[in-house]
Amino acid sequence: MKKQLLIGMITSGLLCESSFGNSLSDSTTLGYAYLSQGKTLSKVSMNRENLANDMEIIRITKDGFYPDYQIPTNAQDCGKIFVNGSYVDYSQSNFCKSNFSKRHVVGMVATGLINSIMTPLGALVQQKAIYMDGKSFDNETFMEVVKNNNLEKYREKLLEIFNYADVKKTSIDKMYDQSLTEYQNNKNLIELKYSTTDKSGFFGNKSIDGGYSIVLHAPEKRNYDYHSIISSEEDASSKVESLKTKIDEQYVKDILEYKKYLDSNFKSYELAGGSSKIIQHNNNVSFYATIKAPMQEIPYAPGKKITIHIPITIDYANVKGMVPKEYTFQDANFNMIMKTDNGLSVNGIMSNKIQSFITVKSLTSYYQNLVFNISNMDKELAPEARDLDNGTRYSLITSAMSEKSNFDKVTKSKAQAIKINYGYAVKYKVNDTNIEKAIYNTKNYSLYDVIQQYI
């Protein structure tokens, strides 16, 4: 029962280190304290060195102190055990050899409870067992050594010199930050103005954004780090004032060098944009434009307003769905208005002009040399009645007609020379007379006039 209880305590993590307190911190390393037999301070050094067996290292950190190994979260086995057919010796790990690790338990446990870890015992030929040598970090002893060797004094000295170095680094970093802020703010004094030449004949006085932008062309930020001056000393804690002097001397040199670098490299902006642009006016009309930027780099002139003139030429228009927006045809009995939407569907509004019922039998559309017919409609209109609202939507523009309604690289003169034949036919019956009648009408449109309906 005792053996089982021991295993339960280990596997459940009850044998773990106590709370460490505020001074135990695995933060940024400032230096290393070397202690003989893990008790008496031998020296403080900036560098990690290989140690003799009787030496122990305590890392002096920004927020406290820490051993020169990772503290295990639970009790760790520091014995020699038999695992999967071979011995593993944990006793030589830095933690297990440390003067700050203390033994939790030494015992023998029957491995009827643990099958994966085995050590044969000579006295117990048939029974397999393991030896446990559990250790955990001794925080009390560790902090006592820190106190007895007055390591806080060394930490304060190292913090003083490292903080001094950081202040100088921050100060020189601000030189770049200030130059960059002035450079960025000066960008607001640069204005881009576009002028337009319309060769298409359709663009007119529409406003346009050529899509150009001013891109910062800032130099790289240099990194000045004075920690290397501190690390070059064997024991910086004993040379605080002399190290401050060395840092100051290097800082003055760095300022002069950095100022020269910033003055010569914050010198221009980049004007970024394309040489052409598609300007989408709406779903039916787009324009192709060419753009010629006057320069690629804009000089950095602090405090001076600069205007960059960028010429844009509208070369031509690409148009699609060029079907007249409204078409009316009628006779003495019947009137119909056909309204085309952007999707090339047609809303037909029918009106009966007489005092008899009319039945519409079929509708036919004509676009260029293409024809499409909707038959067997049998739509009845009451005497002197009209379709409500926008009437009824009819699919009278076929995909073939739609393809013929698209025109690329169109200019005014080209569009004026292109004619579009477009119209409708309707067949209806006057119910009182049982006589069928038909209206057929098409017109020739200038493509230029149709485009004007969509601009």
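Everything discussed here concerns the structure shown above.
Keep in mind the model is a prediction, meaning the values are calculated, not measured. (Residues numbered from 1 in each chain as written. Predicted model: local features only at pLDDT ≥ 70, side-chain atom pairs only at ≥ 80, totals over all residues. Heavy atoms only, no water.)

**Q** Hey, could you go over the sheet that holds strand β20 (residues 346-352) for me, with residue numbers and the actual values?
**A** Strand order in this open sheet of 4 strands is β18-β19-β20-β24, and the pairing throughout is antiparallel. Pairing within the sheet leaves two strands with one partner each, and these edge strands are β18 (326-330) and β24 (392-394). Direction aside, the axes of adjacent strands within the sheet are offset by 25° on average. (Pairing = 2+ DSSP bridges. Helix = DSSP H or I, 4+ residues; strand = E, 2+ residues; numbered from the N terminus. Axes fitted to C-alpha atoms, helices over the stretch in contact; angles between N-to-C directions.)

**Q** Give me the pairing of strand β17 (residues 306-319): which residues, what numbers.
**A** Regular strands place side chains that alternate from one sheet face to the opposite one. The buried fraction of β17 is high, at 10 of 14 residues. Bridge count between strand β11 (residues 190-198) and β17: 9 bridges; the pairing is parallel. From the neighbouring strand, T196 faces β17, where its bridge partner is I312. In this sheet, β17 lies alongside strand β15 (residues 285-291) in antiparallel orientation, the contact comprising 7 bridges. Its bridge partner lying in β17, T290 is registered against T313. By the bridge criterion, 2 bridges tie β17 to strand β25 (residues 407-410) in an arrangement that is antiparallel. Looking at β25, one finds that A317 is bridged to V410. (Buried < 20%, exposed > 50% of the residue type's maximum accessible area, 1.4 Å probe, protein only.)

**Q** So what about helix α3 (residues 139-148)? Which residues, and what values?
**A** Of all the residues in α3, the buried ones are N139, F142, V145 and V146. The buried residues of α3 occupy one face: seen down the axis, they fall within an arc of 130°. Turned more than 90 degrees away from the buried face of α3, the exposed residues are E140, K147 and N148. N150 lies just past α3 and shows a positive phi near 50°. (Arc of directions from axis to C-beta.)

**Q** Just give me the short version of the state of the cysteines, but keep the residues and values in it.
**A** Evaluation of the coordinates by the stated rule reveals 1 disulfide. Disulfide pairing is shown between C78 and C96; the S-S distance is 2.0 Å. Between C78 and C96, the disulfide has an S-S torsion of -80° and is therefore left-handed. Linking C78 in the loop between β5 (76-77) and β6 (80-83) with C96 in helix α2 (residues 94-97), this pair joins segments that are 18 residues apart in sequence. Of the two residues, C78 and C96, both sit in the buried class. (Disulfide = S-S within 2.5 Å.)

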